[in-house]
Every structure is written in C-alpha cells, then in structure tokens.
Amino acid sequence: MKLSRLLPLALVGCGLFATSAAQAQKLKERMAESSAEVFDYPTMAKIYEDIAASGKATPQDMKRLAFAYKRMGRMDKAEATYKTLVETGTPNAQDMLDYAEILRANGKYTDAMTWYGKVAASDPENLRAQSYVKHPDMFTRLMRDSTRSSVRKLNINSSEADLGPTVMDDLLLFGSARGEGVGGHRSYPWDDQPYLNLYSALLKGADAAEPMVMRKEVNSRYHDGTASYDSLAHRLYFTRNNYLNGKLQKADDGELNLGIYYSDIVQGEYNQKEWGGLTPFEHNDPAFNTGHPCVSHDGRRLFFASDRPGGQGGTDIWYCDNLGNAWGVPQNMGPKVNTTGNEMFPFLSRDSVMYFSSNGHAGLGGYDNFYCRLSAAGPGNVFNLGYPLNTRFNDHNLILLSDDSTGFFASDRTGGMGSDDIYGATVHPPLIRIAGSVVDKVTGQPIPGATVTVKGDRGQRLELPLIETDAEGKFAFDADYQTRYVLGGSSTGYLQNEVTVNTESDPLEDVLIPLEKYSYGAEGVVYNGATMQPLAGSKVVLCDAKDMVLGEQVVGADGQYRFALEPASDYRLKVEKDGFFKQSARITTKGKTNAIVKTDFKLFPLELNQVVRLDNIYYDLAKWNIRPDAALELDKLVQTLQDNPSVKIELSSHTDCRGKDAYNASLSEKRAKSAVDYLISKGIAKDRVKSKGYGESKPVEACECTKCTDEQHQRNRRSEFMVLEK
C-alpha cells in the first residue's frame, strides 16, 4: 500500500487516460480503463500484460502497463516496461523523463542522470530534467549528510499500511489499514488492503506504544486518516472520503474524493470527554480532493493539500486564514512550494518552518521530505532534507514535537513491518550548498584561483576550509543554515568585492561575484608572527597621507588583503587584531607605473614577557653604531611602539659564543644601548624602553661553541625586545 491510496487525486490529468470511449478502443483497453477508474490496478496490469504478451501492444499500452505497476508499487516491473518502450521504439521526451524518474525511484541514480541528460538535450525547456542536470552531484550531496539526522523504528507498526502521524496532547494519532474498528476488513481495490482507520498510541518520549483503533465517531466505512489537532480549540481535523451521516458525496463523474472533517472534544455524560458531532470543512467540494490538514500552533491558519483548480500542477498545498467563525478563501502556497507534480502532508513547526512531501521537487525517491521557512513575504527557498529522512522509496508526512527536532514520519522503505510504516526521527536540517563563479567585472571572464570568504547573518566569519575557484572560476561550499551569507571574492590584481546572498529568496547555486581589476594596488598577507601562519580576523585599514580612512578589510583564513590605489599618492596601512601588537606601514605609488605594492605584516601576541626577534639588525665588527640598514629595521620598531603607545619594552642584544665572556657582555650592552638611543631619538619616551646586553649568556642554539655551524652562530647573534608592560 502506498501513500497515494490516501490521496488518489494524483491520477487526475496524468495523461495516461486521455483517450476516451468515443475513440472506439479495444474491449480489453476499455476494461483496463474501467479497472483504473476504481483503483483496481492489479486487474488493469493483468489486462495490459495479456496485450503485451500478444505482441500487439502499442507504445500507449506499454505506458499504461508501467503506470499500473507504479500504482501497485512494482517499480521493478515499471522499470522493465519502460526499458522495453525506450529501447524498441522512438520515445519522446516525456517517455524518457518517465523512464528517468523510475530509474531514480529504484535508486539507479547514475542511469537516471543519463536519461535526464537525454531529456534536457531533446527538450531544453524541460524544467524537471534541468533540475537534475544542473546539479550532477545532487544525489551524492543528499546522501552525504547521513549523520546529521537519525531514524528509528517504532513498535506500533503492523504488516499493513501505517501512515499519517500527528500529535494530540500525549497521543500519537495515525492511520492504519490493519482492519480493526469501523469498516472491518472491507478491502480497497487499489491494493486489496482494508480501508484506513484512525488509531491512537501513547507517546513515550521519542517513541509510542499501545496502539488502539479510535471510536466510530471519527472513523467510517471508508478512508479516515492524516489528522491535525488544534489544541486551543480542542478540535481534531482529519482526512476522510466524502462520507457523512451514512451518505456518500461523489463527484459528477462518480469519483469518491477526499475531504477534511472535524470534531470537537466536548463534555459528555458524567463529565467524560467525548467527540462532538462531525462537521465538514467549509471548503470541501465533491469535485476534487481536499485533505492532509495542518493547523498552525496559534490556530490562525489551516494548511492542507488539494487538487482543486487554480493550482500549479497535481496536488498543491493551500492554506486558509482563521476569520474567527469561518475559514477564509483558500490561498495557494505558490510556485516556490508547489510544482507540476504533487505536494502533500504540510506541517508547520513552532519556528515557522513548513515541512511537506513532494514528488515534484528534485529528490532521492518517489516522495521526499522537504522544508522551507515561512515569513510575512511568503515561503522561502525549498530544501531537501536528504538521507536518512529520504531514500529511493516514498518518505513523507514528517511532523515534529515541541522541541522542533524530535519527530515522526512515514515511509515504505525496506526493513519495515509492512508497506508503509511510521518511523521516529531526530531532525537536523542538512548543510546549505552555495555555489557560483568569480568573474572579471568588465569582461565577464572567469577568474581561476580566486579566494572566496564567507560571513554569516551576524557578520561572523564562518569557519570553513579555504575556498578557491577552479580553472573555470567556479566555487562551491556547504555550510550550516544562515538567513544570509556575505561572500567575499579576491584575487591578485583585483579589488576585493562582497555580495550578499539571501538564503530564502536568492538562487543559491548561481552566485556571481564580479571583481574589478586595478592598475595600482596594495596587497599582502597578515601573519601571526609567532607561528608564521595567516592570522584570520585581522583588520587592515587603508589611510591616505593625512590618516583619513579610505577603506578597511577583515582578512580571511588566507590572511590576504587587497586595496586599489591611485597613482602618485602616499598611503598608510594599519593592521590590528585583539591580543596582538598593532602595526602600520607607509607605502606610495609615486614614481611607479602599474604598481602593486606588496606589504606583509607579522603581528606578534601582545603578552607580558613575549619576546620578539628583530630581523636584519647588523653591526660592523666590534662596533655598536647603528648602520643605515639596521636603522630601517629599527624604524619599524619605532612605528610599532607608536602604534601601541601603552607598551613598554626591554631591547636586548646577544652575541655568539666566540670571544671572551666579558668582552661579549660589554659589546652587547653597548649595542643594545645604541639601539635604544636611536629609538629615543625618533620620539619614543625614555620610560618606555630599556636596554640590556646579555652577551653570550642566552643562546637560542645550545651547541658546543667549537662545533657550532656558521648558521647557529648567526642565530645566536641577534637583537630582541621583550614586553614589560602592555
């Protein structure tokens, strides 16, 4: 038994019954159609099997046979039938699409993608095929996040169909064809199982137990299932065939469709709670199906599924607003939610996330579970919940408890008790896939090797692996849900640019980041001076010669920054990060043509007793005067002290082990004092710097002096400063 036994409207407009009796069809074909009209698909299949065995089957006969197999759940036979059809005839785009859909439903994703490609090639406007062809890694992605959600079996299932779970106080309600209660074992021709009745089971945390058929007030001789409880009004809405007070309400064509009915919990005799009278939903109509109700937690809106006119395709999701004493005119959820296929089983969580089932949105199987966020502007983008909540089978009717993560759903996947079973689930939505390209703003050409950074809805930088564009300028990444993402693109010779992607309204896999090329620019990397690794989160500020801020950037995981500059101009770069020394550097484009000024920064942790080595401080032999090359390096220290005005340091000088101890100590003391005097001469206050010569007493290379290499001696000859106050 499949979920569509509860909503047979999927037959409407399927195209497989477009021929009419007036066209003088063969007797067997008319018999097959008559069987289909009462959902007797086994008989329909048997008739077309006889026609196929005779060798006289037309392509239309083969399509009808495959359709009957699908309705019976015999997807293996449906696949074999379509395989014969497409390999022996001249299939059209619809035939190939149907074959691709069956292959996908049977878990043959590689073969399915091949046939979707053939459909797209023959009919480029086919949106269904394009939804798969444009995302060739879709199946891999949907299967990949298998550890984010979990599924568990329940003990309330039977060997017959069990589906349509909902919660009413401390009870789990569901529909079952196990044949108890009103209607007994009356069989439904579709699958020769009993009609559905409503059952209840005791909720026990994430499990349920003690299933019992509900009373005759809410069950009938026909289908009764898929319910929703309004805890504020103490009212149960549920789906049933249009049967009320012993009378059937059929469509003009004799079809017994579905409707929504409700019953209130009232005080009965001896103050016992009882079901009140049964009332039909005011927007029921015998001419079409209306079912799968879901009342919002505040009781203000009723969602449901229907094949009524004005929809997007087969079965759509609709809603009505509560007007106080009536439900407003049904409104369609629109094309973001509804497709040309079938959407069913809406459920609204407390945080305004709508879960529903669809075979029209791209997915793993027949029906998959999807979700979207609702806002005042309407529904946002629709996302597939992926494996294990979805499989190649029919997975549907996901509902959640008040914690919005523990829930239940139904599936006809293998390993259950019967055809459809109810499963427990812990739901954590899958990662969001963002993809796009980085291109030249003027030429539109892709930029390979560009770096992409990602910030979330609060401006926080997301901790993601380094993202770089491929040879075609494309990028893709997966991240936890944010209401919006800010993507930054950067590449050598281009001005960095950011684009904002709204998760609910923007295309998420076609993001374009245009970068503007420049002739003059400042580029570089900010490093952690202690580890020499890029220092993500550092802020780089570009100022003009008068220290007016022209722009600022926060570097990503690669530590890179880029600014466009003007010709013949002076600038200052300032770099800072909490817990680190601030630094700055002056740069210029004067006298340069098409210049990219590269300046890297090493930010050292600003900690007491932190020791920082000063590179390239050299002295002439046995001398302590400051050489011009050393002055350049000391000027950087001057700038660092100016950038960090509260810091006090000890500047020390060290020698190697060659020479006498006393001489080395004296020489290092003179050199340290000479360096400090230079700092003071450049405006650094005397009380902020002190000198100290350590001679050879603190080597960084602890080698035996006569055996030290020249490189080891060089590393021991050094100048350093240590933080005394910060």
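Notes on the structure follow. (Residues numbered from 1 in each chain as written. Predicted model: local features only at pLDDT ≥ 70, side-chain atom pairs only at ≥ 80, totals over all residues. Heavy atoms only, no water.)

## Considering the nonpolar core
- Counting residues in hydrophobic clusters, the biggest one holds 58 residues, and the most contacted among them are Met354, Phe475, Leu487 and Ile513.
- Phenylalanine 475 has contacts with Ile434, Ala435, Gly436, Ser437, Val438, Val452, Ile467, Glu468, Thr469, Leu487, Val511 and Ile513, leaving out every residue within four places of it along the chain.
- Counting residues in hydrophobic clusters, the runner-up holds 40 residues, among them Tyr99, Ala129, Ala362 and Leu364. (Core = buried A, V, L, I, M, F, W, Y, C linked by side-chain atoms within 4.5 Å. Buried < 20%, exposed > 50% of the residue type's maximum accessible area, 1.4 Å probe, protein only. Contact = heavy atoms within 4.5 Å.)

## As for the packing of aromatic side chains
- One pass over the full model with this rule turns up 19 aromatic pairs.
- Among the aromatic residues, ring-to-ring pairing joins Tyr109, Tyr116, Tyr132 and Phe139 into one connected group.
- Sitting over the face of the ring of tryptophan 115, lysine 118 holds its NZ or CZ atom 3.8 Å from the ring centroid.
- Just above the ring of tyrosine 261 sits the side chain of arginine 240; from NZ or CZ to the centre is 5.7 Å. (Phe/Tyr/Trp six-rings, centres within 6.5 Å; stacked < 30°, edge-to-face > 60°. Lys NZ or Arg CZ within 6 Å of the ring centre and 35° of its normal.)

## Focus on the packing of helix H3 (residues 59-72) against helix H4 (residues 75-88)
- The interhelical angle for the contact between H3 and H4, taken along N-to-C directions, is 165 degrees, at an axis separation of 7 Å. When the axes of H3 and H4 are compared, the pair comes out roughly antiparallel. When you trace H3 past H4, the crossing you get is left-handed. Where H3 abuts H4, its residues Pro59, Met62, Lys63, Leu65, Ala66, Tyr69 and Lys70 lie against Met75, Lys77, Ala78, Thr81, Tyr82, Thr84 and Leu85.
- Its residues assigned to classes, the contact of H3 with H4 comprises nine nonpolar, two polar and three charged. (Axes fitted to C-alpha atoms, helices over the stretch in contact; angles between N-to-C directions. Helix = DSSP H or I, 4+ residues; strand = E, 2+ residues; numbered from the N terminus. Parallel < 35°, antiparallel > 145°, perpendicular 65-115°, else oblique. Left-handed = near helix turned anticlockwise from the far one by under 90°. Nonpolar A, V, L, I, M, F, W, Y, C, P; charged D, E, K, R; others polar.)

## Points about the sheet that holds strand E37 (residues 549-554)
- Within the open sheet, the four strands sit side by side as E37-E36-E39-E40. Their pairing is antiparallel. Edge positions in the sheet fall to E37 and strand E40 (583-588), since each of these pairs with one other strand and no more. Sheet twist, expressed as the average angle between the axes of neighbouring strands with direction ignored, equals 20 degrees.
- Examined bridge by bridge, strand E36 (residues 539-544) and strand E39 (residues 570-576) share six bridges and lie antiparallel to one another. Counted as the bridge partner of valine 541 is lysine 574 from E39. (Pairing = 2+ DSSP bridges.)

## Re the environment of asparagine 394
- You can see asparagine 394 is positioned in the loop between strand E23 (383-384) and strand E24 (395-400).
- Judged by relative accessible area, which is 14%, asparagine 394 ranks as buried.
- Separated by 37 residues in the primary sequence, asparagine 394 and serine 357 have C-alpha atoms spaced 9.2 Å apart.
- For asparagine 394, the side chain forms a polar contact with the main-chain nitrogen of tyrosine 367, separated by 3.0 Å. (Polar contact = N/O pair within 3.5 Å; in protein donor to acceptor, adjacent residues only side chain to side chain.)

## Observations regarding unusual backbone geometry
- Following tyrosine 387, the chain continues into proline 388 via a peptide bond in cis, with omega recorded as 10 degrees.
- Examined against the element boundaries, proline 388 turns out to sit in the loop between E23 and E24.
- Positive phi outside glycine occurs at histidine 234, with the angle close to 55 degrees.
- With respect to the secondary-structure elements, histidine 234 resides in the loop between strand E8 (224-230) and strand E9 (235-241).
- Located in the positive-phi region is asparagine 397, a residue other than glycine, with phi close to 65 degrees.
- Inspection of the secondary structure puts asparagine 397 in strand E24.

## Some details on the sheet that holds strand E16 (residues 301-306)
- If you walk across this open sheet you meet the four strands as E15-E16-E17-E18, and the pairing is antiparallel. Two strands bound the open sheet, and with one partner strand each, they are strand E15 (290-295) and strand E18 (331-332).
- In this structure, E16 lies alongside strand E17 (residues 316-321), joined through six bridges in antiparallel fashion. Its bridge partner being in E17, arginine 301 is matched across the sheet by aspartate 321.

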